[in-house]
Amino acid sequence: MTPPTTTVLAGDGLAAGHGRTTVVPALDLAVEAGTVTALVGPNGSGKSTLLMTLARVLPPRGGRVLLDGEPITARSSVEVARRLGVLPQTAVVPAGATVREVVEQGRYPQLGPWAMMRRRDDSVMERALRLTGLLDLADRRLDSLSGGERQRAWIAMTLAQQTGILLLDEPTTYLDVRHQIDLMRLVRGLCDEHGITVVMVLHDLNQAARYADRLVALRDGTVRADGPPTAVLTPPVLREVFDVDAVVVPDPVTGRPWFVAR
Amino acid sequence: MRAALRRPAGLSALGAVALLAGAVIVLAHLLTGRSSIPSAEVVAALLGRASEPAYTVVVLDHRLPRVLVGLAAGALLAVAGVLVQAVVRNPLAEPSTTGVGAGAALAVVATLVLAPDLGQGGAYVASLVGALATGAVLWAVGRRSFAVTGVLLGAVLAAVTSLLLVVDSAPLGTVLRWLVGSLNARTPTDWALLWPWLALLPVAWALASRLNAWSLGEAAAVGLGLRPGPLLAVVLLVAVACAAAAVAAAGAVAFVGLVAPHIGRLLVGADHRVLVPVAAALGALLLSLADLVAFSVSVQVPGLATDVSGVPVGAVTALIGAPVLVSLVRREQRA
Ligand SMILES: Nc1ncnc2c1ncn2[C@@H]1O[C@H](COP(=O)(O)OP(=O)(O)O)[C@@H](O)[C@H]1O
Ligand SMILES: [Mg+2]
């Protein structure tokens, strides 16, 4: 028996793009509370464009984004930021800023610009730094860190927002295997123990199948497959979406689908 | 060093050093001049008890306004620099990236050519109006790519200014003050017109937490709940107003608005909550110190020592500022 689900974030006839170009023509997508969804698809298929439009970073070119069943535009941007955290694919490294100063910015939506005039170093920041393994690097300058360490700092900033929904664009980029696994387990734990809803763009399909409840495969801005990993990570879908000829076997540890290119 | 200076104790020490340096610079300004006045008489003049009325005039009407205008204009330029750099997220941006200085100069030249009778007051108003109008044009035309637009706008305005001066070179002497930047012959009126603008400094400071969020890039900033449109409008307005007030009082002084934020970042890092006040103090100290150099040189060179025609402080900041900037940028790259 499955418990009743609620849709926390949805695209309703959503069209997305940049400037005059439409990347995602029309898309309906409903994300259920307390689930992990992985967006997969080849480069340029519109994953980031879709994610940033769901996050109200890009204005929709048509249709609407619904947050908790209401148009996301009905709430002020800072109210949205208390409900939904975004990890963009490209963030700017401020010249000379330390990891702690970047993570501190995650507190902005909850505390507001006036409280943020005082230096923060609270338990929320501490927890975000700990969960991303950055406690030892907290006072290092971001521009002196490796790509993976920087990526973890951005993730820590997003965690410090303490939102019920997380939208992560390629969170495992630059991370070594150890930190990729740690991050995927962290995401799984946030979802299972705290009921946090996660939508993330992933390139590693085996990782997506192992840690996500649902895979959404995009190509040319349209959804080509959507469902649990067993329904999406199949040879026909891999061929249609990625032009990859592959075999799919159960992975030896969890029995989830695991693909190997032929 | 930086890590230590970021802590409250380090910041208090930094503040104490800045206050001390400021006091020394102000004293040096008050004590040096073409006429030599005994230091006891300088102090007495400040307290309104000088033995000769001439001392009171020199100290209160010439030397004091000059150093006060220098401190205030330096602080305003530095804060304008921090704000402009924050908006475009480029540490090489500066107040002149907005074209505001060029707009002020053009307005002054146009006024002096078309209506020479308006005199000092007219030039002041023209400078302010020109600077603010340039800011408005910048916002209307190029807020999305505003660094490029501002630089282009500045170049076009400077070209028009040169054309006007070719046609009518009479105002060249007066206008040089605005083009290069000078604190020579400042009067109590100049100070009275400038100090109310210092209210912009706390306004700029109040924007610091938003600037910190903005510095992470537009996508991350929107993710944190910032609205880019209104934020940029306010930050640019404050930056342009700071630059306009400084330029109207001291002319388009080069490099202070660029170098002060850089030194500030080297000392205390990128956090705008600390950087805004630290850069303001540094800008104040740098400009008044450079003016001390300018004035000392003027006194040394016979024939230069008249009130208006002394070495302009803008020449000193440009000569010193360029190599300082190069070494700062190198240090930042190495750090
Ligand atoms: N800032 C932008 N301006 C214009 N076009 C863009 C921009 N970002 C992405 N695109 C285009 O949109 C399409 C989808 O890009 P994106 O959503 O980033 O793909 P993905 O994240 O799936 O790799 C691509 O064709 C890309 O060239
Ligand atoms: Mg992408």
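For the structure itself, look to the data block above.
Everything numeric here is computed off the predicted structure, so don't read it as measured data.

Things to note about the pattern of salt bridges
- Applying the stated criterion across every chain, the model contains 20 salt bridges over all chains.
- When the shortest N-O distance is used, the salt bridge between aspartate 68 of chain A and arginine 75 of chain A registers 2.7 Å.
- Aspartate 68 of chain A sits in the partly exposed class, given a relative accessible area of 29%.
- Here arginine 75 of chain A falls in the partly exposed class, since its relative accessible area comes to 22%.
- Ionic pairing is found between glutamate 104 of chain A and arginine 273 of chain B, a salt bridge with its closest N-O pair at 2.9 Å. Within this pair, whereas glutamate 104 of chain A is found in helix H3 (residues 99-104), its partner arginine 273 of chain B is found in helix H15 (residues 272-300), the two belonging to separate chains.
- Residue glutamate 104 of chain A is classed as buried on the basis of its relative accessible area of 3%.
- Taken together, the shared-partner salt bridges in this structure form one network comprising Asp68, Arg75 and Arg83 of chain A.

As for the pairing of strand E2 (residues 21-32) of chain A
Residues and elements named next belong to chain A.
- Alignment of strand E1 (residues 7-18) against E2, held across eight bridges, turns out to be antiparallel. The residue bridging leucine 14 from the neighbouring strand is leucine 27, located in E2.
- The antiparallel pairing of E1 with E2 creates a hairpin that spans two residues between the two strands, and glycine 19 there sits at a positive phi of about 55°.

Looking at the sheet that holds strand E9 (residues 214-219) of chain A
Residue and element names in this part refer to chain A.
- Taken in spatial order, the six strands make up an open sheet running E6-E7-E8-E3-E9-E10, and their pairing is mixed. Whereas interior strands pair on both sides, the edge strands pair on one side only; in this sheet they are strand E6 (84-87) and strand E10 (222-227). Between one strand axis and the next, the sheet turns through 15° on average, direction left out of account.
- The pairing of strand E7 (residues 165-169) with strand E8 (residues 197-201) spans five bridges and is classified as parallel. When the sheet's bridge partners are listed, leucine 168 is paired in E8 with methionine 200.
- Strand contacts of helix H1 (residues 47-54): strand E3 (36-40), E6, E7, E8 and E9, with the helix running at about 150° to E7, the strand carrying the most contacts.

What about the coordination of the magnesium ion (ligand 2)?
Residue and element names in this part refer to chain A.
- Looking at the magnesium ion (ligand 2), the protein donor atoms are Ser48 (OG) and Gln89 (OE1), and they sit 2.0 to 2.4 Å from it. Taken together, the residues serine 48 in helix H1 and glutamine 89 in the loop between E6 and H3 connect sequence positions 41 residues apart.
- For serine 48, a relative accessible area of 23% puts it in the partly exposed group.
- Here glutamine 89 falls in the partly exposed class, since its relative accessible area comes to 40%.

What about the sheet that holds strand E5 (residues 70-71) of chain A?
Residue and element names in this part refer to chain A.
- Strands sit in the order E2-E1-E4-E5 across an open sheet of four strands; the sheet is antiparallel. Two strands in the sheet have a free side with no partner beyond their single neighbour: E2 and E5.
- Pairing analysis gives two bridges linking strand E4 (residues 62-67) to E5, with the strands arranged antiparallel. Pairing of leucine 67 across the sheet is with glutamate 70, part of E5.
- Across the sheet, H1 touches E1, E2 and E4, and the angle it forms with E1 is around 125°.

Some details on empty space enclosed by the protein
Residue and element names in this part refer to chain A.
- Tallied over the entire structure, the rule returns two cavities of 30 Å³ or more.
- Roughly 30 Å³ of internal volume is contained in the second largest cavity.
- What lines the second largest cavity is simply Val40, Leu205, Leu215, Val232, Leu233, Val237, Leu238 and Phe242.
- In terms of residue class, the lining of the second largest cavity is built from eight nonpolar, no polar and no charged.

Rules and cut-offs
Residues numbered from 1 in each chain as written. Chains lettered and ligands numbered in written order. Predicted model: local features only at pLDDT ≥ 70, side-chain atom pairs only at ≥ 80, totals over all residues. Heavy atoms only, no water. Salt bridge = Lys/Arg side-chain N within 4 Å of Asp/Glu carboxyl O. Buried < 20%, exposed > 50% of the residue type's maximum accessible area, 1.4 Å probe, protein only. Helix = DSSP H or I, 4+ residues; strand = E, 2+ residues; numbered from the N terminus. Pairing = 2+ DSSP bridges. Axes fitted to C-alpha atoms, helices over the stretch in contact; angles between N-to-C directions. Contact = heavy atoms within 4.5 Å. Donors = N, O, S within 2.8 Å, 3.2 Å for Na, K, Ca; no water. 1 Å grid on protein atoms, 1.4 Å probe; cavity = no way out; pocket = protein on both sides within 12 Å on 5 of 7 lines; lining within 4 Å. Points joined across faces, edges and corners; volume = space filled by probe spheres on them. Nonpolar A, V, L, I, M, F, W, Y, C, P; charged D, E, K, R; others polar.

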